[in-house]
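Tertiary structure, described
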Amino acid sequence: MSRLALVFPGQGAQHSGMGRALAEAWPTSRTVFEEVDEALGQRLSRLCFDGPDEALALTENTQPAILATSIAAWRVLRERGILPFATAGHSLGEWSAHVAAGTLSLTDAARTVHARGKFMQEAVAVGQGAMAAVLGLDSAQVEALCRDAAGAEVVEPANYNAPGQLVVAGHRAAVDRLVTLAKAAGASRSILLPVSAPFHCRLMQPAADRLEPLLRAIRFAGPTWPVYVNVNAQPVRDGAAAKVALLQQIAAPVRWQAVIERLVAEGCDHFLEVGPGRILAGLIRRISREARVFSAGDPESVESAVRELQGIAA
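Residues numbered from 1 in each chain as written. Predicted model: local features only at pLDDT ≥ 70, side-chain atom pairs only at ≥ 80, totals over all residues. Heavy atoms only, no water.

With mixed pairing, the six strands of this open sheet are ordered in space as S8-S7-S2-S1-S9-S10. With partners counted over all chains shown, the strands left at the sheet margins are strand S8 (235–236) and strand S10 (292–296), one partner each. By the bridge criterion, two bridges tie strand S2 (residues 86–89) to strand S7 (residues 227–228) in an arrangement that is parallel. In the sheet register, Ala88 faces S7, and the bridge partner there is Tyr228. Along the sheet, helix H5 (residues 59–79) makes contact with strand S1 (3–8), strand S9 (268–274) and S10, crossing S9 at roughly 125°. (Pairing = 2+ DSSP bridges. Helix = DSSP H or I, 4+ residues; strand = E, 2+ residues; numbered from the N terminus. Contact = heavy atoms within 4.5 Å. Axes fitted to C-alpha atoms, helices over the stretch in contact; angles between N-to-C directions.)

A few words on the nonpolar core. Note on soluble globular proteins: their nonpolar side chains tend to be buried together. The biggest cluster of nonpolar side chains holds 78 residues, and the ones touching the most others in it are Trp74, Leu77, Trp95, Leu272 and Val302. Among the elements that take part in this core, H5 stands out by supplying 10 residues, more than any other. Membership of the second largest hydrophobic core comes to 22 residues, among which are Ala5, Val7, Ala291 and Val293. (Core = buried A, V, L, I, M, F, W, Y, C linked by side-chain atoms within 4.5 Å. Buried < 20%, exposed > 50% of the residue type's maximum accessible area, 1.4 Å probe, protein only.)

With that out of the way, let us pick up unusual backbone geometry. Gly51 connects to Pro52 through a cis peptide bond whose omega is 10°. Following the sequence through the fold, Pro52 ends up in the loop between helix H3 (44–50) and helix H4 (53–56). You will see that His200, though not glycine, has its phi angle at about 60°, which is positive. With phi around 65°, Ala233 is a residue other than glycine that occupies positive phi space. You can call Ala233 buried: its relative accessible area is 4%.

Here it is, written out as structure tokens:
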């Protein structure tokens with residue numbers, strides 16, 4: 001029996017114009033953007049649809065923008081009868097996964113991820129942190145290189161994305177040293193990423209500390225289906241566990257490869273990326289060659305996904 005998992009993107013998927021076609025095509029999607037605008041007390045929808053890109057790229061705007069676009073697509077899929085066995089999300093996408101599963105409301109999620117973005121940006125002074133992608137080395141090699149490069153500073157794996165594809169984060173000088181060491185060790189590519197902060201490393205702990213009281217104040221319900229989380233690739237089935245995992249993931253690496261491997265082991269053979277971009281679809285194909293992978297981020301791809309996936313058992 002086939003099983004479907006929905007996966008939701010995080011940072012890196014933003015672009016001006018995202019979500020506009022969804023809002024124009026379906027009242028259901030338009031309502032999502034209206035809900036998020038009301039929750040934030042600002043016209044985030046205008047920023048999503050028209051830019052400017054510089055403002056959209058600010059992580060406190062990027063995070064609720066990606067959340068809104070993802071849920072705008074998801075609600076149309078739900079209306080068309082697309083229901084999953086499980087959901088998961090990469091970094092910020094874990095919040096979208098929980099909104100889809102009914103763990104928390106879109107309003108609470110939008111307000112909290114807006115604060116999450118602000119706190120993560122402010123955790124490390126501008127220019128003091130960095131992230132880099134390392135391709136062509138395995139995780140053990142990259143972990144060893146991080147130890148060699150760190151010195152008295154921090155550099156550590158931030159995203160275990162796929163076989164031979166890791167992202168590291170930490171202090172800028174330590175990340176620079178890691179990039180040099182990785183090239184010398186035979187990495188096919190080792191480059192700095194254009195990001196505004198060193199996400200998913202221990203330098204983000206101040207952001208987690210600031211977010212904790214906001215999370216405590218939110219009502220979390222048990223999800224309708226299991227949500228597989230970044231921190232340990234395990235399914236959470238109650239609101240308390242979901243809250244803990246969302247807090248822990250801020251300063252911990254995203255174990256995306258392990259999440260997908262666990263879902264495959266649970267019988268998921270169809271994956272649908274819901275939201276802007278197709279980054280996760282590419283990663284899933286690298287992790288599991290047998291998986292059938294689809295994307296749904298605009299009206300055309302949503303309609304295509306519905307045609308392909310109707311009848312797949314949850």
